[in-house]
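Below are the chains, spelled out letter by letter.
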Amino acid sequence: MADDITAFATRLLACRLSARLSQEELAARADLTTRAISNLERGRTRWPHSDSVHRLADALGLCGAAREQFVASAVRRLARDSAGSVAAAPEDRPLLVAGGLVPRQLPGAVRQFVGRENELAALSHILSGVGTAPATVVISAISGTAGVGKTALAMHWAHQVAGQFPGGQLYVNLRGYDPGPPAPAQDALAGFLRALGVPGQDIPAGLDERAARYRSLLAGRQVLVVLDNARDVEQVRPLLPGAPGCLAVVTSRDALAGLIARDGAERLELDLLPQANAVGLLRSLIGSRADADLKAVTALAAQCARLPLALRIAAELAAARPAVPLAELVRELAGQQQRLDLLDTAGDGRTAIRAVFSWSYQNLSQPAARLFRLLGLHPGPDLTTSAAASLARTTPAQARRLLDELARAHLLTEQAPGRFGCHDLLRAYAIEHAATGSGPARRAAQGRLLDYYLHTAAAADHLLHPLRRPVTLAAPRPGVTPEHLASHDQALAWLDAEHRGLLAAITLAAGHGFDAHAWQLAFCLETFFYRRSQWQDWARTQHTALAAACRLKDSHAQTLAHCGIANAQIQAGHPAQALSHLATALQLRQGAGDVHGQARVHLYAARALEYQGRYGDALARSRQGLRLAQIVGPQAQPLLAEALNQVGWYLAQLGRHRRALSYCQRAVALAQQLGHKHMQPVMLDSLAYVHQHLGRHADAADCYRRAVELLEELGDRWRKAQTLSYVGDAHHADGNLLAARQAWTQALAILDDLHHPDAEPLRVKLHPPASVPG
């Protein structure tokens, strides 16, 4: 069966070169990813679906006998796979079977929801038409008033009807009116595609391509899509499903008139709460004390302009001061409103919101009020206790007490254990207060926050990639308390949770004169971006890093940024752009006399050439890297092992498997001699690949087994699952179907536990379709 793989890989490469197409051009024509083409040409054991084979034949312009031979070389293997107990997973199958994943992304419903009976009935009426035509619901305030309860209504109703959408529920906060930039539709689509089972490396790069793939995945399914806090029509339109059976609910302060006129959306205008409902909400939140003074409660509802956000904050403040009569609280708020009336001419609703915020803020303890002001300096959507402690230069225990005080005052919400965020209006209010502090104090707080992110990210990066040469960081400022990450999984979980915050921190650093933080933070996130297939974030942050390094006139940082951009471009399928940046990086390394760095750049360039299908050139650059690593001497032993492995890999791609065997064996032996357990799994993978193509399937399986044991010891569950998948492939190629199923089952259990989209291809291997479409 390995001969089948090699034969098809050789035929595909020959046809592509004959057609004078790059891998990127062929991928675009065949609607596949560049990585899929690269893997097929390298002879990896994942096999293309027959539909993909025919698309490849069309893209290559094959006809007549040439087309028949090309298709037959793949279909013969497909037929054998489908006849066996298990089947190989196609490279692009996750997109075809992603319907098996059922996303459940709705946030929790708001507590003590009151009123809105007519609006709920209107939404349910619109739902009754789903299945006959596409439906979109827009919820917007008449006056565009914030805090009127759009999200609360959408969440309350969505939870009521979630059972009517067996295909799942998708949710995204588009942050249309946050103090920071709105969430790009392109990023929202990437999140939806991952939730629907598309592996990160298979997510298209462009907005239109992502939208098309998203609509294709939703076709034939019943999915509820909630697009919360949208800025405008342009942000929303790419996120709308295109087929009957799905329903999109969009909340926005904008009327989104274009969505009504062009896309047939149904408008649901949300007004202020009726007075009776506003009073009822206060009574439900305050309790029996409110029943004893309905006159004061009625006045309080009017002072809050019947806005649910203001009502909830006022009720919390009343509940927190049980000894103060409600009538006294009403007088306090009236006085606050009179002061704000002199400053605010934006209308009653806005005055009420700011008055309630000010009222609640002024009743905080002094340390809590200071922390709230400092939160206005935080650029991300949420923060942890340790981040807050660093910002305020206090202990995590004290920061936790202050955060709890802010949460009790409804100025913050604990969105997950130990992670706090707030409504966009409250963020804007905090930013307003932050601006009143002294410039040096603000800069010192920003520096502590960036130190927190940088030193925690550096620790996380080391746990993910212990063999990576670190950059030298300045010591953190006094009062900074980085997170204590003890394992690989903890590091990955923190990076996942802080993804948006870290991106915002890099932007903050670059925009406020913290250039060293900007390029160093970007450097520390490269391994994470690679692991999560976040090619665009990787490239964007490295471009920011390059600009910061240029401002600092730091040639070493510039070289790292050029290499970072190049590696991101390689993964995104743009090897030509990568080679351009690597040429600049090589010049900088040569100018600095850095032989070790030159060797590294050559190895990166080999990977770019590999993606272009230029295996001979890739081998030549790898050999240059090997020669330079040998010159450096003992301190470059880990790099020497990498270079040996890479030379062996490219020899294998050129069909010189016996010669490759020697290099791969030397690489594994050197890594073992050095005791670098993190390096060995990659090299064992290459050695296993060579064994498999020499027909030594038992040796291949043994290499994979040793890699799995090391990854188990290291706690790297994702790579363990990936390697177990390869173990199954090796057993399957050797005809040991029972062992293949056992290995794939173990891998699937890990990937399911990690909620990783790579689980879907394994599910197909274990439960193949009854027949293969032709």
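Summarised in this report is the structure supplied together with it. Predicted, not measured: the structure shown is a model, and the values here were computed from it. (Residues numbered from 1 in each chain as written. Predicted model: local features only at pLDDT ≥ 70, side-chain atom pairs only at ≥ 80, totals over all residues. Heavy atoms only, no water.)

Things to note about the overall build of the protein
Item 1. Along the protein, the regular secondary structure elements total 39 helices and 8 strands.
Item 2. In the protein, which comprises 774 residues, the share counted as buried stands at 56%. (Helix = DSSP H or I, 4+ residues; strand = E, 2+ residues; numbered from the N terminus. Buried < 20%, exposed > 50% of the residue type's maximum accessible area, 1.4 Å probe, protein only.)

Overview of helix 24 (residues 488–497)
Item 1. Taken as a whole, helix 24 has its buried residues at His 488, Ala 491, Leu 492, Trp 494 and Leu 495. Viewed end-on, helix 24 has its buried residues packed into an arc of 160°, placing them on one side of the element.
Item 2. If you follow the buried residues of helix 24, they end up packed against helix 23 (439–464), helix 25 (499–511), helix 27 (526–531) and helix 36 (697–714). (Arc of directions from axis to C-beta. Contact = heavy atoms within 4.5 Å.)

Things to note about the environment of Leu 521
Item 1. Tracing the sequence through the fold places Leu 521 in helix 26 (residues 515–524).
Item 2. Under the relative-accessibility criterion, Leu 521 is labelled buried at 0%.
Item 3. In this structure the C-alpha to C-alpha distance between Leu 521 and Ala 458, which are 63 residues apart in sequence, comes to 7.8 Å.
Item 4. Once you skip the residues sitting within four places of it in the chain, Leu 521 turns out to touch Tyr 453, Leu 454, Ala 457, Leu 502, Ala 505 and Ile 506.

Overview of the nonpolar core
When a protein is soluble and globular, its nonpolar side chains tend to lie buried together.
Item 1. If you look at the biggest cluster of nonpolar residues, it comprises 74 residues, and the most contacted ones within it are Leu 364, Leu 371, Leu 406, Tyr 453, Trp 494, Leu 495 and Leu 521.
Item 2. Looking at which element gives the most residues to this core, the answer is helix 23, with 9 residues.
Item 3. In this view, Tyr 453 contacts His 378, Asp 382, Trp 494, Glu 498, Gly 501, Leu 502, Ala 505 and Leu 521; residues no more than four positions away in its chain are not counted.
Item 4. Counting residues in hydrophobic clusters, the runner-up holds 72 residues, among them Ala 599, Ala 606, Leu 640 and Leu 762. (Core = buried A, V, L, I, M, F, W, Y, C linked by side-chain atoms within 4.5 Å.)

Quick notes on the state of the cysteines
Item 1. This model, assessed by the stated rule, comprises 0 disulfides.
Item 2. Distance from the sulfur of Cys 664, which forms no disulfide, to the nearest cysteine sulfur (Cys 703) is 9.4 Å.
Item 3. Residue classification places Cys 703 among the buried positions, given a relative accessible area of 3%. (Disulfide = S-S within 2.5 Å.)

A few points about the sheet that holds strand 8 (residues 419–421)
Item 1. Taken together, 3 strands build an open sheet; the order of strands is 6-8-7 and the sheet is antiparallel. Two strands in the sheet have a free side with no partner beyond their single neighbour: strand 6 (382–384) and strand 7 (413–416). For this sheet, the mean inter-axis angle between neighbouring strands, taken without regard to orientation, is 40°.
Item 2. Inspection of the sheet shows strand 7 paired to strand 8 by 3 bridges, in the antiparallel sense. From the neighbouring strand, Ala 416 faces strand 8, where its bridge partner is Arg 419. (Pairing = 2+ DSSP bridges. Axes fitted to C-alpha atoms, helices over the stretch in contact; angles between N-to-C directions.)

Observations concerning a positive patch on the surface
Item 1. A grouping of Arg 623, Arg 656, Arg 659 and Arg 666 is seen on the molecular surface, where their side chains present a positively charged patch.
Item 2. Note on placement: Arg 656 falls in the loop between helix 33 (637–653) and helix 34 (657–674).
Item 3. Accessibility expressed as a relative area gives 39% for Arg 656, which makes it partly exposed. (Patch = residues over 30% accessible without salt bridge, like charges linked within 9 Å, V, L, I, M, F, W, Y side chains within 5 Å. Areas by Shrake-Rupley, 256 points an atom, 1.4 Å probe, with all protein chains shown as cover. Salt bridge = Lys/Arg side-chain N within 4 Å of Asp/Glu carboxyl O. Lys, Arg positive; Asp, Glu negative; His and termini not counted. Charge placed at Lys NZ, Arg CZ, Asp CG, Glu CD.)

Re the packing of helix 25 against helix 26
Item 1. Orientation of helix 25 relative to helix 26, taken along the N-to-C sense of each, is 150°, at an axis distance of 7 Å. What the angle tells us is that helix 25 and helix 26 run roughly antiparallel. Pair helix 25 / helix 26 crosses with left-handed handedness. Contacts between helix 25 and helix 26 involve Leu 502, Ala 505, Ile 506, Ala 509 and Ala 510 from the first element and Asp 515, His 517, Ala 518, Leu 521 and Ala 522 from the second.
Item 2. Of the residues in the contact of helix 25 with helix 26, the class split is 8 nonpolar, 1 polar and 1 charged. (Parallel < 35°, antiparallel > 145°, perpendicular 65-115°, else oblique. Left-handed = near helix turned anticlockwise from the far one by under 90°. Nonpolar A, V, L, I, M, F, W, Y, C, P; charged D, E, K, R; others polar.)

A closer look at the packing of aromatic side chains
Item 1. Taken as a whole and assessed by the stated rule, the structure comprises 12 aromatic pairs.
Item 2. For the pair Tyr 453 and Trp 494, a centre-to-centre distance of 6.4 Å together with 45° between the ring planes defines the contact as tilted. Placement of the pair is Tyr 453 in helix 23 and Trp 494 in helix 24, with a sequence separation of 41 residues. The burial state of Tyr 453 is the same as that of Trp 494; both residues are buried.
Item 3. Through successive ring pairs, a cluster of aromatic residues spans Tyr 361, Phe 372 and Tyr 429.
Item 4. Just above the ring of Phe 514 sits the side chain of Arg 443; from NZ or CZ to the centre is 4.0 Å.
Item 5. For the cation-ring pair, Arg 468 lies above Phe 523, with the distance from its terminal atom to the ring centre recorded as 3.6 Å. (Phe/Tyr/Trp six-rings, centres within 6.5 Å; stacked < 30°, edge-to-face > 60°. Lys NZ or Arg CZ within 6 Å of the ring centre and 35° of its normal.)

Side note on the environment of Ser 216
Item 1. Mapped onto the elements, Ser 216 comes out in helix 10 (residues 207–218).
Item 2. Ser 216 gets classed as exposed once you look at its relative accessible area, which sits at 52%.
Item 3. In sequence terms Ser 216 and Pro 241 are 25 residues apart; their C-alpha atoms lie 8.9 Å from each other.

Observations regarding the pairing of strand 2 (residues 169–173)
Item 1. Extensive coverage of strand 2 is indicated by the burial of 4 of its 5 residues.
Item 2. Note that strand 2 and strand 3 (residues 224–230) share 5 bridges and pair parallel. By the bridge assignment, Asn 173 is partnered in strand 3 with Asp 228.

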